[in-house]
Amino acid sequence: MSPADHGRNDQPEPAVSPGEFFRRVYQFFYSKTVGLILILTLAALVLLGALITQATAGTYDDAMSKAIFVQDMRSRYGALTGALDWLGLFHIFSSIPFLVVAGLLAASILACTIHRLPQLWRRHAHPPIRPGDRFFARARYRATIATSRPTAQATALASRRLRQGGLRLVADGDDPGRLYADRFSWGGLGTVVAHLSLLIILAAFVTSSLGKIDANLTLGVDGPSVAVGHDSGLELAASEFVSQSDAAGRPLDYMSHLVLSRDGQVVAEQDVRVNSPLSYGGYKFHQWSYSQGIDVLITGPGGVLTDATLAIEGTTEDGAAGASYELPGSQTVWFFVPVSGQTGADSGIEPGQALIEVAAGDQLVAQQTVASGQAFVLGDYAFTFEGENWITVIAARRDPGALWMWLGSILLVAGMSLTFACRHRRYWARLSPGTDGRTRLELASSDPEDVSFRRLFDQLATDLAEALDGVVLDQTAETGADTGAETEPRAETGTAPETGTEPETKAGISDTPDTDDASDTAPPDTARAAARQTRETAHA
Amino acid sequence: MPSVLEMARLILPAVLVLELIALVADIVIITTRTTRAPRVRAPARAGAGRRADDPSSAASEATADTGGAAPSATAAVTAKPKVGLGAYATGATIVALALLTVYLVARTIETGHGPFANGHEFAVAFVWGVLAAYLVVERLTRLRLLAVAVLPVAACLTLYAISLGADVQPLAPALQNNLLLTLHVGFAILAYGAACVSFAAAALYLLRPRLKLITIKPETLDDLGHRAAVVTFPLLTIMIVLGALWADTAWGSYWSWDPKETAALVTWLIYAAFLHGRVVRGWRGRKAAWLLVLGFAAVLFAYFGNHFLGGLHSYGG
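Every value quoted in this text rests on a predicted model; they were computed, and no experiment measured them.

Trainee: What should I look at first to understand the pairing of strand E14 (residues 331-338) of chain A in this one?
Mentor: Residue and element names in this part refer to chain A. Burial analysis of E14 places six of its eight residues in the buried class, the great majority of the element. Across seven bridges, strand E13 (residues 320-326) lies against E14 in antiparallel orientation. Following the sheet pairing, Ala-323 is matched in E14 by Phe-335. In sequence, E13 turns back onto E14 through a hairpin of four residues, with Gly-329 there showing a positive phi of about 95°. As defined by bridge partners, E14 adjoins strand E15 (residues 353-360) across six bridges and the pair is classed as antiparallel. Each residue of the ladder has a partner; that of Trp-334, found in E15, is Glu-357.

Trainee: Explain helix H3 (residues 32-51) of chain A here, please?
Mentor: Residue and element names in this part refer to chain A. Along its 20 residues, H3 runs 28 Å from first to last C-alpha, staying within 8% of the 28 Å computed at 1.5 Å per residue. Among all positions in H3, only Val-34, Gly-35, Leu-36, Leu-38, Ile-39, Leu-42, Ala-43, Leu-45, Val-46, Gly-49 and Ala-50 are buried. Where H3 starts, the residue carrying a side-chain oxygen 3.3 Å from the main-chain nitrogen of Thr-33 turns out to be Ser-31.

Trainee: Could you clarify how one ought to interpret helix H5 (residues 147-163) of chain B in this entry?
Mentor: Since the α-helix advances by 3.6 residues per turn, residues separated by three or four positions end up pointing in the same direction. Relative to the 24 Å expected for 17 residues at 1.5 Å per residue, H5 of chain B spans 23 Å between its end C-alpha atoms, a close match to the ideal helical length. When we look at burial in H5 of chain B, the residues that qualify are Ala-147, Ala-149, Val-150, Leu-151, Val-153, Ala-154, Ala-155, Leu-157, Thr-158, Tyr-160 and Ala-161 of chain B.

Trainee: Explain the interface of chain B and chain A to me, please; I cannot follow it from the model alone.
Mentor: When the parts of a complex come together, some accessible area is lost, and that lost area is often taken as the interface size. With 67 residues of chain B at the interface, the matching set in chain A holds 70 residues. Between chain B and chain A, the buried area comes to about 5,700 Å², and carbon and sulfur atoms account for 65% of it. Taken together, chain B and chain A are joined by one salt bridge. One salt bridge connects Asp-248 of chain B with Lys-284 of chain A, and the closest N-O pair in it is separated by 2.9 Å.

Trainee: Can you walk me through the state of the cysteines in this structure?
Mentor: By the definition in use, this model includes zero disulfides over all chains. With no disulfide of its own, Cys-196 of chain B has Cys-156 of chain B as its nearest cysteine by sulfur position, at a separation of 10 Å.

Trainee: Explanation requested: the pattern of salt bridges in the structure shown.
Mentor: Opposite charge on two side chains allows them to pair when their charged atoms are near. Counted by the stated rule, this structure contains 20 salt bridges over all chains. Here Arg-278 of chain B ties to Asp-222 of chain B by a salt bridge, and the two come within 2.6 Å at their closest N and O atoms. With Arg-278 of chain B in helix H8 (residues 259-280) and Asp-222 of chain B in helix H7 (residues 218-251), this residue pair connects regions lying 56 residues apart in the sequence. Here the two residues Arg-278 of chain B and Asp-222 of chain B agree in accessibility, since each one is buried. Linked by salt bridges that have partners in common, Glu-20, Arg-23 and Arg-24 of chain A make up one network.

Trainee: Honestly, the packing of aromatic side chains in this entry has me stumped. Any pointers?
Mentor: Aromatic rings considered in pairs are described by the distance between their centres and by the relative angle of their planes. Applying the stated criterion to the full structure yields 40 aromatic pairs over all chains. Taken together, a centroid distance of 6.0 Å and an interplanar angle of 70° make the contact between Trp-406 of chain A and Tyr-254 of chain B edge-to-face. On the criterion of chain membership, the pair formed by Trp-406 of chain A in helix H10 (residues 402-421) and Tyr-254 of chain B in the loop between H7 and H8 is interchain, its members lying in two chains. Take Trp-406 of chain A: its relative accessible area is 17%, and that puts it in the buried class. Measuring from ring centre to ring centre gives 5.7 Å for Trp-255 of chain B and Trp-257 of chain B, while their planes differ by 85°; the resulting arrangement is edge-to-face. Among the residues examined, Trp-255 of chain B registers a relative accessible area of 14% and is labelled buried.

Trainee: Would you take a moment to explain the nonpolar core for this structure?
Mentor: One broad trend across soluble globular proteins is that nonpolar side chains are buried collectively. In this structure, Phe-126, Leu-146, Tyr-192, Trp-268, Tyr-271 and Phe-296 of chain B are the most contacted members of the largest nonpolar core, which totals 149 residues. Broken down by element, the residue count for this core peaks at 18 residues, all from helix H6 (residues 178-207) of chain B. Two domains each donate at least three residues to this core, and these are domain 1 (1-33 + 84-171) and domain 2 (186-317) of chain B. When near neighbours in sequence (up to four residues on either side) are disregarded, Trp-268 of chain B contacts Leu-198, Leu-412 and Met-416 of chain A together with Phe-233, Leu-236, Thr-237 and Ile-240 of chain B. Of all hydrophobic cores here, the second largest spans 24 residues; its members include Ala-143, Ile-145, Leu-179 and Ala-465 of chain A.

Trainee: Hey, could you run me through the packing of H3 of chain A against H8 of chain B in this one?
Mentor: At a minimum axis distance of 9 Å, the contact between H3 of chain A and H8 of chain B shows a crossing angle of 160°. When the axes of H3 of chain A and H8 of chain B are compared, the pair comes out roughly antiparallel. Of the two elements, H3 of chain A crosses H8 of chain B, and the hand of that crossing is left-handed. Contacts between H3 of chain A and H8 of chain B pair Lys-32, Thr-33, Leu-36, Ile-39, Leu-40, Leu-42, Ala-43, Val-46, Leu-47, Gly-49 and Ala-50 of chain A from the former with Pro-259, Thr-262, Ala-263, Leu-265, Val-266, Leu-269, Ala-273, His-276, Gly-277 and Val-280 of chain B from the latter.

Trainee: Whenever I open this one, the domain arrangement of chain B confuses me. Can you help?
Mentor: All names here are of chain B. When cut into domains, chain B gives domain 1 (1-33 + 84-171) and domain 2 (186-317). Facing the 26 residues of domain 1 at the interface are 29 residues of domain 2. At the boundary of domain 1 with domain 2, total buried surface from both sides reaches about 2,100 Å², with 84% on carbon and sulfur atoms. On the domain 1 side of the contact with domain 2, Phe-122, Phe-126 and Leu-145 bury the most area, a combined 28% of that side's loss. Viewed at the interface, domain 2 and domain 1 are joined by one residue pair in polar contact (both at pLDDT 80 or more). Those elements that provide at least two residues to the side of domain 1 that touches domain 2 are helix H1 (4-31), helix H4 (119-141) and H5. Broken down by element, the residue count for the side of domain 1 that touches domain 2 peaks at 12 residues, all from H4.

What counts, and where the lines are drawn
- Residues numbered from 1 in each chain as written.
- Chains lettered and ligands numbered in written order.
- Predicted model: local features only at pLDDT ≥ 70, side-chain atom pairs only at ≥ 80, totals over all residues.
- Heavy atoms only, no water.
- Buried < 20%, exposed > 50% of the residue type's maximum accessible area, 1.4 Å probe, protein only.
- Helix = DSSP H or I, 4+ residues; strand = E, 2+ residues; numbered from the N terminus.
- Pairing = 2+ DSSP bridges.
- Expected span 1.5 Å × (residues − 1).
- Polar contact = N/O pair within 3.5 Å; in protein donor to acceptor, adjacent residues only side chain to side chain.
- Contact = heavy atoms within 4.5 Å.
- Buried area = accessible area lost by both parts, 1.4 Å probe.
- Salt bridge = Lys/Arg side-chain N within 4 Å of Asp/Glu carboxyl O.
- Disulfide = S-S within 2.5 Å.
- Phe/Tyr/Trp six-rings, centres within 6.5 Å; stacked < 30°, edge-to-face > 60°.
- Core = buried A, V, L, I, M, F, W, Y, C linked by side-chain atoms within 4.5 Å.
- Domains from an automatic or database assignment.
- Axes fitted to C-alpha atoms, helices over the stretch in contact; angles between N-to-C directions.
- Parallel < 35°, antiparallel > 145°, perpendicular 65-115°, else oblique.
- Left-handed = near helix turned anticlockwise from the far one by under 90°.

This is the structure we're talking about:
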């Protein structure tokens, strides 16, 4: 190591103060390029989530469920299954990469919004009203109107016409021949509202994921009530279930009549369909699914083990539908009934009867066919078949994030509408005596290429000419990209900043508005050309 | 009154034929168009409120072919040798839209709900959205050339609609919410139509260097693609919000990462990236055009997604 190297290593690293550190972090997040990259990254992750089968919620919380799911996926993804699982692509929306990108995007939206507010305020309250000569010569939209009226009178008429057109007029106190007019100067607030709404929506997602109650309650029709749980004190019962289909077997309607009670008192009841849930106390009860079931009563040495409707779990090859109940120990009792609409020809079970089997593992211990209401007694156990029944599955939901979601959604739509329907339109005018003795009104604007704005601009030029009894001499709407047309107004060289001076203002660009809005952004090549011109002007 | 099945048998092939007639007519107009480039700088003349280069002169024809752009003093004027044919092309498209409207209204009356309940109805409505969006844009900008890109999409979707069963099916229990069905899918139709127009503008922009027949200024195509995307994006937003509202009503969860929901979110994010890219990076030209093509591909992915992605929207097929 050379002495010089040694000396360098001895020097302390330049310290970054906490303030500077946070400023840099803030700068990073309000960079719209960062925001754009995050949006595209999120889009790529979401696309993966759409293309790759996603595990249902909770699957990855249970090792057995996860193993079964991954095994199922092997038939679809083959050798890739392991890699997809390792990368977390089967539960991408709860994976670390997705949450990190979503979090970074939220930070980016927040920083951009905070950064943008002062700019929007300046644009509204202190618009740049005195652009330089070059702007009038090279603006993307420009028109020259000649009138025989004196300059002062023409200025007054033009001002009146601009106001009549619904434009806000800002006069230059130092130079009455300069006019600035705009419409929807507050339109940029729409982007703030829209961006804040996205934060609210993200917060709603977080609130929902942390505080949402989502439980499926299985109810036998006319069966016992089931506790809703979650300290609600509510109990739910179904007194009726109807499933209607047409002749072709296409479903027409599912309806459960639900009775909600607390402390034995009915607090709400309603016919619940898919699109008409029962709402009570912040809970909503949705018709989720249904199945056939078997009403059973099972008693054991200690009394009643269950008095409920068991869901049909499957059918046998000979046309019997079965439901099971795990007995204490290692035995299972199965109840078989004929599949709906079939006689007992194949299974040997007649309608109104049930075959009850008690098994220990794969070994049949005992069996008996009983009629409805009869019991099969086996040792200390009694298995009573009480008849066939419907089971309706009701989703009990309570989502504290939903309200925030709707608030965010309303603000999002409102903000977007403001942003796109109320775009800030700006016009600069300069009136001066021409060499031919007539007054010249130069009108210019700096919006990006925009067919409809071009029409608006043309119409305004025509209207002004009419108001001044003048004629439009020249009108150009060339594109900046092709012609190097100036896309932002700049002050004359050496002109002291007047209004709307940006903090980063340098000589020659004293009144350059910010360019981070769609209505103001110049194409990069044009922006570079403008910058070159600015430097030349500054040198001059 | 014929049944909707008979109407489907009559109207949809007729719509397809009309779309093809309009497409052929537009292609003939474009391929037989001659371009001359005279200087049209007119002498300034006095007259209150009149432009020196009077728009009522030949320059206004240039406006017609340049998306309503202001007549430049040095603009080349594109002659229109087949004025009548253009009217026929537009007329055929309007008649096709009118027939689709009649068909969709008839289905609404027959079924008692918005005509968006199955794949056939949604496909017909999609065609309706595409044609309506195109006609609005043609009316506003007189950019007939867009038809060359829009009408093939409409024709393919019409063929697809014809291939699907047109019989009236009972509304699945999950769809039995007439208001939200109409609003949610209605906004999807409008958004998809606008997206198709933005795709058409982008496709023409990308093909322009290879096809001399595309005489529209690239800036005009770029701007039109952007403006159509500006319409698409809020419509997509409203569609997704309404979908979330419906999901919350029917399933008790405003967002379930259902594949179709997710595909719609991908579409939304692509259009969001397009609009941000335009603001942040000044994305115009080819880059922007490719993003719009990608956006419409995402629209089609979301539209057809229920066929291969499954999920809660599977009844929509």
